[in-house]
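Letter by letter, the chains look like this.
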Amino acid sequence: RPGHVAQSYDRLAPDYDPSWLVHLQPTTCRLLDTLPTVMPSGDLLDLGCGTGFAALQLAARHPGRSILACDFSPGMITVARSRPGASAIQWHLADLLDFLSARPPRSAALAVAAWSAGYTHFPRFCRETRRVLVPGGRLAFVVNLADTLAPLHRAFRYCMQAHAAEPRCLARFPFPRSPRAVRNALKHAGLAIERFEEGLCPITPHPASDGRLLPWLLRTGTLAGFE
């Protein structure tokens, strides 16, 4: 359940940036670099903000704008609030879909979801984002596909099979199945695609001194809720 995952991220929050975020920052910055410098009136949203990297980037690029960031992990929000410049942002402890559902229609000029959209119901995410965007507003996101973490998923299944009597929860990874599925969800939500890029974000694991990868992997959040 979401509560199990949030508790994992609470534990991971202090070490999350050097273990995992450092691998994602270049792609997130490239995403933000594609956005126009001038946008219509409205809030700027960071959905699933984690430790606040994208929100703080938005604050630096758009000083004086109203920036709202949400995450369902209290630990992540605590780390985000401790960063330099964090006072310029309104931080909300909330699931991103619940947060979007509570926003007024046509109230946001920009919604950013750096890596978070694939962990929720993606078609609903697109619909809710479309509802809150002002005319001329934009949605910018990076999303994993169903095959992104395939090696990890295989290892997870093998582990569950080896301990078949012990699991109490079932892991479900709701990433879109393909680029076509992403496009279809955007189209059905009434969103026009201005820029669409497919690519890989290589990750270099950091093994422990004895060569094991699991200690590092458990600090990345990719197994959140199922350690």
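Definitions and cut-offs
- Residues numbered from 1 in each chain as written.
- Predicted model: local features only at pLDDT ≥ 70, side-chain atom pairs only at ≥ 80, totals over all residues.
- Heavy atoms only, no water.
- Helix = DSSP H or I, 4+ residues; strand = E, 2+ residues; numbered from the N terminus.
- Rg over C-alpha atoms; globule rule 2.2 N^0.38 Å.
- Core = buried A, V, L, I, M, F, W, Y, C linked by side-chain atoms within 4.5 Å.
- Buried < 20%, exposed > 50% of the residue type's maximum accessible area, 1.4 Å probe, protein only.
- Contact = heavy atoms within 4.5 Å.
- Salt bridge = Lys/Arg side-chain N within 4 Å of Asp/Glu carboxyl O.
- Pairing = 2+ DSSP bridges.
- Axes fitted to C-alpha atoms, helices over the stretch in contact; angles between N-to-C directions.
- Phe/Tyr/Trp six-rings, centres within 6.5 Å; stacked < 30°, edge-to-face > 60°.
- Lys NZ or Arg CZ within 6 Å of the ring centre and 35° of its normal.
- Left-handed = near helix turned anticlockwise from the far one by under 90°.
- Nonpolar A, V, L, I, M, F, W, Y, C, P; charged D, E, K, R; others polar.

Draft legend 1. Representation of the overall build of the chain in the model. When helices and strands are counted, the chain shows eight helices and five strands. The order of helices and strands in the chain, counted from the N terminus, is α-β-α-β-α-β-α-β-α-β-α-α-α. Taking 2.2 N^0.38 as the reference for a compact globule, 227 residues should give roughly 17 Å; the C-alpha atoms of the chain span a radius of gyration of 18 Å, in line with that estimate. Its C-alpha atoms give the chain principal-axis dimensions of about 55 × 40 × 30 Å.

Draft legend 2. Layout of the nonpolar core. Y16, I89, W91, L110 and V112 are the most contacted members of the largest nonpolar core, which totals 45 residues. The biggest single contributor to this core is helix α1 (residues 2-33), with nine residues. Not counting residues up to four positions away in its chain, the partners in contact with L110 are L35, M39, D43, L44, L45, L58, L133 and R138. Judged by nonpolar contacts, the second largest core, of 27 residues, contains L47, C70, A111 and F125.

Draft legend 3. Looking closely at helix α5 (residues 122-132). Every buried residue of α5 is accounted for by F122, F125, C126, E128, T129 and V132. Close packing links the buried residues of α5 with β1 (43-47), α4 (96-102), β4 (108-114), β5 (133-142) and α7 (179-188).

Draft legend 4. Highlighting the pattern of salt bridges. What the rule picks out here adds up to eight salt bridges. Note that R212 is salt-bridged to D210, the shortest N-O span being 3.0 Å. On the basis of relative accessibility, which here comes to 48%, the residue R212 falls in the partly exposed class. One network of salt bridges, with partners in common, ties together R30, R195 and E197.

Draft legend 5. Inspection of the sheet that holds β5 at higher detail. Here we have five strands laid out as an open sheet, ordered β3-β2-β1-β4-β5, and parallel in their pairing. Each edge of the open sheet is held by one strand with a lone partner, namely β3 (89-93) and β5. Strand-to-strand, the axes of this sheet are offset by a mean angle of 15 degrees, without reference to chain direction. When β4 meets β5, the two strands line up parallel, connected through six bridges. Across the sheet, V112 pairs through a bridge with A140, a residue of β5. Docked against the sheet, helix α3 (residues 74-81) engages β2 (67-71) and β3, running at close to 165 degrees with respect to β3.

Draft legend 6. Here's a closer look at the packing of aromatic side chains. Scanning the model with the defined rule gives five aromatic pairs in all. With a centroid separation of 5.0 Å and an interplanar angle of 90 degrees, the aromatic rings of Y119 and F175 are classed as edge-to-face. Of this pair, Y119 sits in the loop between β4 and α5 while F175 sits in the loop between α6 (150-162) and α7, placing them 56 residues apart in sequence. By relative accessible area, Y119 is classed as partly exposed at 44%. Each residue in the set F122, F125 and F141 is aromatic and connected to the rest through ring pairs, giving one cluster. When the ring centre of F196 is taken as reference, the NZ or CZ atom of R183 above it lies at 4.0 Å.

Draft legend 7. Quick peek at the packing of α5 against α7. Look at α5 against α7: their axes get within 8 Å of each other, and the N-to-C directions meet at 35 degrees. Judged by the twist between their axes, the crossing of α5 over α7 is right-handed. Where α5 abuts α7, its residues F122, P123 and C126 lie against V182, A185 and L186. Taken together, the residues that form the contact of α5 with α7 break down as six nonpolar, no polar and no charged.

Draft legend 8. Just the packing of α1 against helix α2 (residues 53-61), in detail. Interhelical geometry of α1 versus α2 gives an angle of 40 degrees and a closest axis separation of 10 Å. As for the relative orientation of α1 and α2, their crossing is right-handed in sense. Along the contact surface, α1 presents L21, Q25, T28, C29, L32 and D33, while α2 presents F53, A54, Q57, L58 and R61. When the residues that make up the contact of α1 with α2 are grouped by side-chain class, the tally is six nonpolar, three polar and two charged.

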